[in-house]
Amino acid sequence: MSDHGVLRVKGRVLAGPDDVRDELWAVDGRITYERPVGARDVTTVDGWALPGLVDAHCHVGLDRHGPVDDATSEKQALTDREAGTLLIRDAGSPSDTRWIDDRADLPKIIRAGRHIARTRRYIRNYAHEIEPGDLVAYVAREARRSDGWVKLVGDWIDRETGDLSACWPRGEVEAAIAEAHRLGARVTAHCFAEDALRDLVEAGIDCIEHATGLTEDTIPFFAERGVAIVPTLVNIATFPHLADGGEAKFPRWSAHMRDLYERRYDTVRAAYDAGVPVFVGTDAGGSLAHGLVAAEVAELVKAGIPALDALSATAWGAREWLGRPVLEESAPADLVVYDEDPRADVRVLAAPRRIVLDGRIVG
């Protein structure tokens, strides 16, 4: 056997929502359900095992001021790992975090490159800030540099109107999404408000972040086209504070943000009920702390999503959506072990017993 040793996980292995096995083995960092012959130095872990959790909207290498150094990025990634997040879709970062790929003790990252925003229409130091005529070129650039995703800022406050509004004309965004798809990348967009959603969906977008502006008119478009949403409810919880801070200068925007906040749970539940794919994301790394994946799953349950589906949104379903394996034969042994069944109570996710990456216990 290699220096990985052999790991045995026994008790209840949740290979799927209803696929429960008695044990698995990790040999040379890979999963097998066949007892290895002649195994030595076996480490045994007991409990309920899930695939490593997914945070599908997270920012490693970013804080409220912009890019951070490698030491800060490492701390962010370690905080996510200790919460059980072993797969991150990094939804926009100005930092180069490729060095993390060489660290077997850190979560695996699917990068969306750097945000692409309209000039002076996003948080300073976060994004490429461009005009519509350059959108296709910048989308192509980030599609080539990313791990199969591109992140647009679909709406933001317009200082002239004093409220949220769409950032991109329909024609330019349609051409940009087509170019990303030609290059094999999917496209997602930050959207708080209502205005940009129909054009983005009809232009072929694959996902919307936050999606607080969904209505009974636009939800059917998402469902018909299979456009996913990542609600980031732990971030939406900050809307009242943001609204208070902007009240004096942008009263329309403040009122709008409060309205989006007040109906956040109804919005998510209506989307779920209509068949819109919903996945877990925390929006950690801007002004929000890392390690909040369990809190976001609990928020989805509070919104009315059944516990098993909320769990799948950070486990089996999320990994399938991102094209990554679960607890299947020969897959990397990336898993989290709990004392109790997380299907019965998602709050169990807040207290991992053991965290395993590539067959090694790392936490």
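Residues numbered from 1 in each chain as written. Predicted model: local features only at pLDDT ≥ 70, side-chain atom pairs only at ≥ 80, totals over all residues. Heavy atoms only, no water.

1. A few points about the overall build of the protein chain
Then, in step 1: Within the protein chain, the secondary structure is distributed over 12 helices and 20 strands.
Then, in step 2: Taken over the C-alpha trace, the protein chain has a radius of gyration of 21 Å; the compact-globule value for 363 residues is 21 Å, and the two agree within 12%.
Then, in step 3: When the 363 residues of the protein chain are sorted by exposure, 56% land in the buried category.
Then, in step 4: Put simply, 66% of the contacts in the protein chain that link residues at least 6 apart link residues at least 24 apart.
Then, in step 5: Here the protein chain displays about 14,700 Å² of accessible surface, and carbon together with sulfur accounts for 46% of that area.
Then, in step 6: Seen as two clouds, the 44 positive and the 61 negative side-chain charges of the protein chain have centres 3 Å apart. (Helix = DSSP H or I, 4+ residues; strand = E, 2+ residues; numbered from the N terminus. Rg over C-alpha atoms; globule rule 2.2 N^0.38 Å. Buried < 20%, exposed > 50% of the residue type's maximum accessible area, 1.4 Å probe, protein only. Contact = heavy atoms within 4.5 Å. Areas by Shrake-Rupley, 256 points an atom, 1.4 Å probe, with all protein chains shown as cover. Lys, Arg positive; Asp, Glu negative; His and termini not counted. Charge placed at Lys NZ, Arg CZ, Asp CG, Glu CD.)

2. Examining the sheet that holds strand 9 (residues 108-111)
Then, in step 1: Pairing is parallel in the open sheet, where 3 strands are placed in the order 5-8-9. The open sheet has two edge strands, strand 5 (53-58) and strand 9, and neither has a second partner. Averaged over all neighbouring strand pairs, the angle between strand axes comes to 20°, with direction disregarded.
Then, in step 2: Pairing of strand 8 (residues 85-90) with strand 9 involves 4 bridges; the strand directions are parallel. Bridge pairing in strand 9 links Leu87 to Lys108. (Pairing = 2+ DSSP bridges. Axes fitted to C-alpha atoms, helices over the stretch in contact; angles between N-to-C directions.)

3. Quick word on helix 3 (residues 170-182)
Then, in step 1: The end-to-end C-alpha distance of helix 3 is 18 Å, a good match for the 18 Å that 13 residues give at a rise of 1.5 Å each.
Then, in step 2: Within the span of helix 3, buried status applies to Val173, Ala176, Ile177, Glu179 and Ala180. End-on, the buried residues of helix 3 take up no more than an arc of 160°, which puts them together on one face.
Then, in step 3: For helix 3, the secondary structure elements touched by its buried residues are helix 2 (135-145), strand 12 (149-153), strand 15 (186-191) and helix 4 (197-202).
Then, in step 4: Note on helix 3: the residue one or two positions beyond its end, Gly184, has a positive phi of about 85°. (Expected span 1.5 Å × (residues − 1). Arc of directions from axis to C-beta.)

4. Section: the packing of helix 2 against helix 3
Then, in step 1: Interhelical geometry of helix 2 versus helix 3 gives an angle of 25° and a closest axis separation of 9 Å. On the basis of their axis angle, the class for helix 2 and helix 3 is roughly parallel. As for how helix 2 packs across helix 3, the hand of that crossing is right-handed. In this structure, helix 2 contributes Leu135, Val136, Val139, Ala140 and Arg144 to the contact, and helix 3 contributes Glu172, Val173, Ala175, Ala176, Glu179, Ala180 and Arg182.
Then, in step 2: Counted by class, the contact of helix 2 with helix 3 contains 8 nonpolar, no polar and 4 charged residues. (Parallel < 35°, antiparallel > 145°, perpendicular 65-115°, else oblique. Left-handed = near helix turned anticlockwise from the far one by under 90°. Nonpolar A, V, L, I, M, F, W, Y, C, P; charged D, E, K, R; others polar.)

5. Focus: the pattern of salt bridges
Then, in step 1: Summed over all chains, the structure comprises 31 salt bridges.
Then, in step 2: A salt bridge links Arg89 to Glu209; the nearest nitrogen and oxygen atoms lie 2.6 Å apart. Separated by 120 residues along the polypeptide, Arg89 in strand 8 and Glu209 in strand 16 (residues 207-210) bring together distant segments of the chain. Side by side, Arg89 and Glu209 carry an identical accessibility label, which is buried.
Then, in step 3: Residue Lys108 pairs with Asp358 through a salt bridge whose shortest N-O separation is 2.9 Å. Here Lys108, found in strand 9, pairs with Asp358, found in the loop between strand 19 (354-357) and strand 20 (360-361); they are 250 residues apart in sequence, far enough to count as distant.
Then, in step 4: According to the relative accessible area criterion, Lys108 is partly exposed, its value standing at 25%.
Then, in step 5: Taken together, the shared-partner salt bridges in this structure form one network comprising Arg98, Asp101, Arg111 and Asp147. (Salt bridge = Lys/Arg side-chain N within 4 Å of Asp/Glu carboxyl O.)

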